[in-house]
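Each chain is listed here by its residues.
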Amino acid sequence: VNLRAVTSWVGIARLCAVVLSCLAFSLVASTRDFWNAYGTWCMFTWCFCFAVTLLVLLLELLELYPTLPLSWDDFTSAFSMLAALMVFTTSVVFPSTFISSPCNGSKCARQAVATAASCLCFLAYALEVGLTRAKPGDISSFLSTVPGLLKVFEAYVACLIFSLLDTYTSKAGLQWCVAVYSICFIFTFLIIIFTIGRCLAYLPFPLEKMMVGYSALALMMYITATVLWPLYSFKGRSRPDPCGRNCWWDKHLGVTFLTIFNLIAYLVDLVYSTRMVFIRAP
C-alpha cells in the first residue's frame, strides 16, 4: 500500500475533489434538479469526476497503475485538466440555470451549498494541475507541460462550440468555420489519445517539429474562423426580441467568444511549443 497516494499534496487535493464532487451531486439529487439538458450535464460532470478520481486514488494507493498499458502521468495530468474545465463550467451553468432570485427555502439552500462545493471542487482540481505541471526542462510527461495542458483545453473548448452549433449549412463561410473546429478537434484529440497510449514514439517523423507545425496550421485556421464566423453570423441580422434560452443569436455569440478563446490557446501553444523545440536551455 502506497500511503503517499493520499498523504501527499496531490493526494489531498484528489481526496478533497472526491468529497466535494460527491457532496455536490448528492445535494442536487435530493432536489431533483437534473431534469433538463443542463441539469443532466451537471450531474454527469460531478459523477464522472468523482468516479474517475476515486479510481485514480485506489490505483495509486494499491500501486496497480504500473500494470496499465498507458502513460499514467499523462493520463492523470490530462484528466485533472479536463475535470477542472468541466467542473468550472458546471459551477457557472448550475446556479445560473436553477437558482432563482429571491433564494429562500431548504431547496435553494441545498442548491447554494452544491454550487459552493462545486466551486471548491474546481479549486481542488486546479491545485492538482498546478502541483503536477512539469517544471521547466522536464518533458518526461508531455500532457503535464503547458502545450500538453493547452491541448486538453483546446479540445474541451471545441466540444463546447459543437454543443452551441445549430444553423450553419446555409452559408459557405459558416461551413468552413465548422470544418475548422472539427479538423482541429480531431487532430488535437488524437494527439492526446496517442500520448496517453504511448503511441507517438512510433510515428515516422520528428514528433516535436510536427507539434509546432500543427499548432501553426491550427492557429492560421482559427484566425480565419475568428473573422468569418461573426461576419457570416451577424451581418445584416439583429438580435431577436424576445430572445429566449435557445435563441440562435446568443448561441452564435457564444461560439464567437469560444473561437477567440481557442485562437488565444493555439497562439500560446505555438509559442511554448516553439520554445521547447528550438530554444534549448544550456
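An unreviewed UniProt entry lists the protein chain under the name MYADM protein, from Crotophaga sulcirostris. One UniProt comment on the protein chain, placed under Sequence similarities (unreviewed entry), says "Belongs to the MAL family." A UniProt comment under Subcellular location (unreviewed entry) is attached to the protein chain, and it reads "Membrane".

**Observations regarding the overall build of the protein chain**
Looking only at helices and strands, the protein chain features 9 helices and 0 strands. Against the globule reference of 19 Å for 282 residues, the protein chain gives a C-alpha radius of gyration of 21 Å, in line with a compact fold. For the protein chain, the spread of C-alpha atoms along the three principal axes comes to 60 × 50 × 30 Å. In the protein chain, which comprises 282 residues, the share counted as buried stands at 43%. Across the protein chain, the fraction of contacts at a sequence separation of at least 24, relative to all contacts at a separation of at least 6, is 77%. Summing over all exposed atoms, the protein chain offers an accessible surface of approximately 14700 Å²; the carbon and sulfur share of this is 72%. Within the protein chain, one finds 18 positive and 13 negative side-chain charges whose respective centroids are separated by 6 Å.

**Section: unusual backbone geometry**
When glycine is set aside, most residues are seen to have a negative phi, and most peptide bonds are trans. Backbone geometry at glutamate 63 places phi at a positive 55°, although glycine is not the residue there. Positionally, glutamate 63 belongs in the loop between helix H3 (37-61) and helix H4 (72-98). Residue classification places glutamate 63 among the partly exposed positions, given a relative accessible area of 48%. A positive phi is found at arginine 198, a non-glycine position, where the angle reads about 60°.

**Here's the deal with the pattern of salt bridges**
A complete count under the given rule lists 3 salt bridges for this structure. When the shortest N-O distance is used, the salt bridge between arginine 14 and glutamate 128 registers 2.9 Å. Remark: glutamate 128 occurs in helix H5 (residues 106-132) and arginine 14 occurs in helix H2 (residues 9-31); sequence separation between them is 114 residues. Glutamate 128 gets classed as buried once you look at its relative accessible area, which sits at 3%. Notably, a salt bridge pairs lysine 151 with aspartate 269, separated by 2.6 Å at the nearest N-O pair. Note that lysine 151 is positioned in helix H6 (residues 146-164) and aspartate 269 in helix H9 (residues 248-278), a separation of 118 residues in sequence. Residue class for aspartate 269 comes out buried when judged on its relative accessible area of 0%.

Here is what the cut-offs are and how they apply
Residues numbered from 1 in each chain as written. Predicted model: local features only at pLDDT ≥ 70, side-chain atom pairs only at ≥ 80, totals over all residues. Heavy atoms only, no water. UniProt positions renumbered as here; feature names shortened; annotations may be inferred. Helix = DSSP H or I, 4+ residues; strand = E, 2+ residues; numbered from the N terminus. Rg over C-alpha atoms; globule rule 2.2 N^0.38 Å. Buried < 20%, exposed > 50% of the residue type's maximum accessible area, 1.4 Å probe, protein only. Contact = heavy atoms within 4.5 Å. Areas by Shrake-Rupley, 256 points an atom, 1.4 Å probe, with all protein chains shown as cover. Lys, Arg positive; Asp, Glu negative; His and termini not counted. Charge placed at Lys NZ, Arg CZ, Asp CG, Glu CD. Salt bridge = Lys/Arg side-chain N within 4 Å of Asp/Glu carboxyl O.

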